[in-house]
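Residue strings, one per chain:
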Amino acid sequence: MYDSDQQLRPVFKDGVAQPVFPFTDGKTGAAYDRNASHVVRYCVYVETDFDMDGDGKRDLVKAFVQVPRAAALGSYKAPVVYEARPYSSGIQGDAYDHMKEVDHGNFKAFPDDGLENQCGGRAPEKEITTLEAAEIADPADWYYEDKGRGEGVTCYDNIDLYDYYLVRGYAVVQSAGIGTLGSEGFEYTGSYYERDGFKAVVEWLHGDRIGFADRAGTMEVKADWCSGKVAMTGRSYGGTMPFAVATTGVEGLETIVPVAGIADWYSFLNQQGAQRYWPQEMLMSFLSYYCSSRYNDPELTPEMREKILSFHNWFAEKQLEGGFDYDREFWDPGNYTLNWEKIRCSALIIHGFNDENVSTKQFEMMHDSFEKAGKDVKLVLHQGFHFTPTMATKGYGISVDGQNYDDLVNKWLSHYLFDQENGAENMPGVLAQDNLDQHNWVKEDSWHTGKNIALSSTDAGNVTLDTEWKSAGVDADNFDEKMSLSSTNMNMRLSTDELKKTLTIQGTVKVDFSAALKTGNKATFFDGENANDADKITMKLGSAAGKMDDVKLTVLLCDVCDQEFESVRTTDASRNVVPLRTVEEKVIDNGPGLPRFDRVEFETTSKKYRVFSRAYIDLCNPDSGYAPETSEKSIELNYGEFHDYHCYLNATRYTLAPGHRLEIVIGTEDPVNCLIHKNYSVEVGSSVSAEVPVTDITEEKMEIRMI
C-alpha cells in the first residue's frame, strides 16, 4: 500500500482538484489500523505565547491532523483545510442548568491581570517525523464520546466533515482551541487569547511555531508534509474564527471560507445598545462554559477546575459592568472589523438570508472589511437558516447555482491553495438565491449598489407605543404576524402603495425617526420581569451597570399582500428552522469510498406577510449607528424629551413583487428576543423616513403612510 500511496499526486480537471486519493475511515476506535490507513492521523499540541491558567508553562493548543499518506510519504506538499471550532472537542450539555446553579459571587476572586503570566517556552527532548507521530498516536485522542451531547455521539462526528477534501489531496486540520479537551488555558470567547491560539496552529503549519506530538511537550513534530498554504473554514463559531485569524495578517493563511460567521461579538448579542440574541444565552461566559470541554479532562486537578470556574465568573462580571452598551475594554478584542487593515488573504463568504442566529449584518461587516483591505472577496447568499449548504453529518445539501456546494468551494481552494488558474477569482461579487424562485441564483458584480430610494411619511401625528403584550395579543408565536398585519398598542405601521413594478432591496436599510420616553418607572428599571426563564446572573444585565438601559424599540421590514403568497421562511417560534424537503436521494457524489448525499431544497410557506429584515435599538443610545463601537455612549432618558434615531436593519437582498406593499413597522419589545420584559411607553414622532438600497431605481422617492 505504501508504494501505491507514494506514487499519488493531486490531479486537476479544468483547474479543480479531483478525488484520486483513497480514503480510510477513522471512526473505528481501538480497531483503527494506523498502518493500513490511507490517511495519516495524529494530534499535535502547538505552543502558544501565553500561560492563561498560570501553571508556569505556555498553554498548548491541541489540533487533530489528517493527511493523505502520499503527502506524509513526501510525494507532494499538501495544502490545508483548517477548521477552528470550539465545539469540535465536545460541549458542556448542562450549560443552562449550570448558569442557574451558579451562586453569583461564591467563587474565589479572579484578578483582572490573572491571565498575564510570564514564562518561557518548552525545550523538546527530541524531534520525530510525521509518520512516527502517527505511529504513537492514540485513536482515543480523536474518537471519543461527546459527554455533553449524550450517549452514542462521538467527537469524530464533529471532525468527519471534510472527507470530501481529503480524497482530493488536501490535508485537514481541526482544533477546538484553548480551554477545550486536550488543550490548556481557558476557553475565552471573543478574546485575543482565543484568536491567537487558533492563529498558532496556522503558524505551525507554515513552519513558524513549535508543536509537539505529546501533551508533555517533549517530542517536537513539524508539518513537514505541508505546502505552507492554509484555508480556514467552518460554520457559526467555526465561521467566526477564520475572520478573526485573518485580521491578524498571519502568514500562510491564503483564503477563508466562513459560513454564518461572526464579524463582531457585540453585535452578535446586541444591536445599537439593545439586546438582540436569545435571552438565556446573552452572557459571553455562557458560551465560554458551553465550549469548555476541558472540564472533562481526567487530568484536570480540583484546583484548576476551581480556577476555571472563577475565571468564568469574572468573565460574566466584566460583561455586566457595561450592560447592553459597547464597553471598549470588553468588546474591542472580539470586534474583528477594527483590524481590517491587517487582512492579507481572500474570502468566499457564505450566509443565509433567513439566519436569525448569526444575523446577516455579520456577513456584510466581514465583506466590507475585506473590501476596505483591497482583497478579493465574494458572497454566496442562500435562502436558508443557520446551516452549511452541504450538511455532511446529516447527509444532505442544496444546489448552489446548479452545482454542489463543495464543488464550488473546491474550485476556490484549488485556485488559492494549489495555484490553479481556473477563474475562481472571476466569480461574481455576489451569488444570491432569489427569494421569489429558489432555483434562480442572481449574479451581481458588487454587494453595495450605490442606488437608493428615499421613503418618507406623511404627517399623521405622533404615536404612543407601550409594552403591554397581553393588550396587543402578541406572544413569541405570533409576533411577526401581528406586527405585520395589525396596528396595536405595541406598534405602528407605515406602508407604501401597492407596487406597480418589481422592487429589489440589496444592502442595509436605514430608518430614521424621533422618539421620547413617555411613561415608566425609571427608579425600578421599569419593573423588569424575567420573560424567558433566564438565570439570575444574566438578568443582572439590565441593572448591574447602574444606569438606564435597553429601552428597546423593534424595527421590521415587511412584504405584505392582500393575497397569500409563497416564501421561504423560518417556521418555529425561535426563528431558527426553515423546513427542508428531499428532491433527489444519494445524488451528491463526494468521491470514492465516501457516502453520497441527498439533494434538498427549502419548503415554502403561504402567508399574507413576510418579515425579511429586523433590528433593535435602545432609546438610551441616540448616537449609535451602523458600526458596533458607536453604541458606546448612552444617556438617561427624560420624559417627553425627543431624540433622533437612525436604526440600521440587518442586511438583506429581497425582491417584492408587483401588487405587494413594503411596510416599515416600529414596535417595542419582541417576545422572542426579550430578556427583561419592561413596563414603559414611548412616543414616536410623526416623521419617519428610510434610505433603501436597491438594485434598480424605479422612482427616487416613495411615500409611506400610517395604516
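Everything below is about the structure printed above this text.
Residues numbered from 1 in each chain as written. Predicted model: local features only at pLDDT ≥ 70, side-chain atom pairs only at ≥ 80, totals over all residues. Heavy atoms only, no water.

(A) Fine view of the nonpolar core. Counting 121 residues, the largest nonpolar core has Tyr42 and Trp225 as the members making the most contacts within it. Among the nonpolar cores identified, the runner-up in size contains 45 residues, and Ile453, Leu503, Val555 and Cys647 belong to it. (Core = buried A, V, L, I, M, F, W, Y, C linked by side-chain atoms within 4.5 Å. Buried < 20%, exposed > 50% of the residue type's maximum accessible area, 1.4 Å probe, protein only.)

(B) Fine view of the environment of Gln280. Among the secondary structure elements, Gln280 is positioned in the loop between strand 13 (274-275) and helix 9 (284-290). Owing to a relative accessible area of 24%, Gln280 belongs among the partly exposed residues under this scheme. For the pair Gln280 and Asn673, spaced 393 residues apart in sequence, the C-alpha separation works out to 9.5 Å. Filtering out sequence-adjacent residues up to four positions away, Gln280 remains in contact with Tyr96, Phe286, Asn532, Asp533, Ala534 and Asp535. (Helix = DSSP H or I, 4+ residues; strand = E, 2+ residues; numbered from the N terminus. Contact = heavy atoms within 4.5 Å.)

(C) Just the packing of aromatic side chains, in detail. Counted according to the given criterion, the structure contains 42 aromatic pairs. Feature note: the residues Phe50, Phe110, Phe186, Tyr188, Tyr193, Tyr266, Phe311, Trp314, Phe315, Tyr326, Phe330 and Trp331 constitute an aromatic cluster, connected by ring pairs. Of note, Lys552 hangs over the ring of Tyr616, and the distance from its end group to the ring centre comes to 5.2 Å. (Phe/Tyr/Trp six-rings, centres within 6.5 Å; stacked < 30°, edge-to-face > 60°. Lys NZ or Arg CZ within 6 Å of the ring centre and 35° of its normal.)

(D) The pattern of salt bridges, seen in detail. Scanning the entire structure with this criterion turns up 35 salt bridges. A salt bridge links Glu184 to Arg122; its shortest N-O distance comes to 3.4 Å. Of the two residues, Glu184 sits in the loop between strand 7 (171-175) and helix 6 (192-205) while Arg122 sits in the loop between helix 3 (95-101) and strand 6 (126-128), which places them 62 residues apart along the sequence. For the pair formed by Glu184 and Arg122, the shared burial category is buried. Two residues, Arg195 and Asp196, come together in a salt bridge whose shortest N-O distance is 2.8 Å. Via salt bridges that share partners, Asp49, Arg58, Lys199, Glu203 and Arg209 belong to a single interconnected network. (Salt bridge = Lys/Arg side-chain N within 4 Å of Asp/Glu carboxyl O.)

(E) Geometry of the packing of helix 6 against helix 7 (residues 237-246). For the pair helix 6 and helix 7, the least separation of the axes is 9 Å and the interaxial angle reads 80°. When the interaxial angle is binned, helix 6 and helix 7 end up roughly perpendicular. Judged by residue contacts, Glu194, Arg195, Phe198, Lys199 and Val202 of helix 6 engage Tyr237, Met241, Ala244 and Val245 from helix 7. Partitioned by chemical class, the residues of the contact of helix 6 with helix 7 number 6 nonpolar, no polar and 3 charged. (Axes fitted to C-alpha atoms, helices over the stretch in contact; angles between N-to-C directions. Parallel < 35°, antiparallel > 145°, perpendicular 65-115°, else oblique. Nonpolar A, V, L, I, M, F, W, Y, C, P; charged D, E, K, R; others polar.)

(F) Spatial organisation of helix 7. For helix 7, the buried fraction is high: 10 of the 10 residues fall into the buried class. Of all the residues in helix 7, the buried ones are Tyr237, Gly238, Gly239, Thr240, Met241, Pro242, Phe243, Ala244, Val245 and Ala246.

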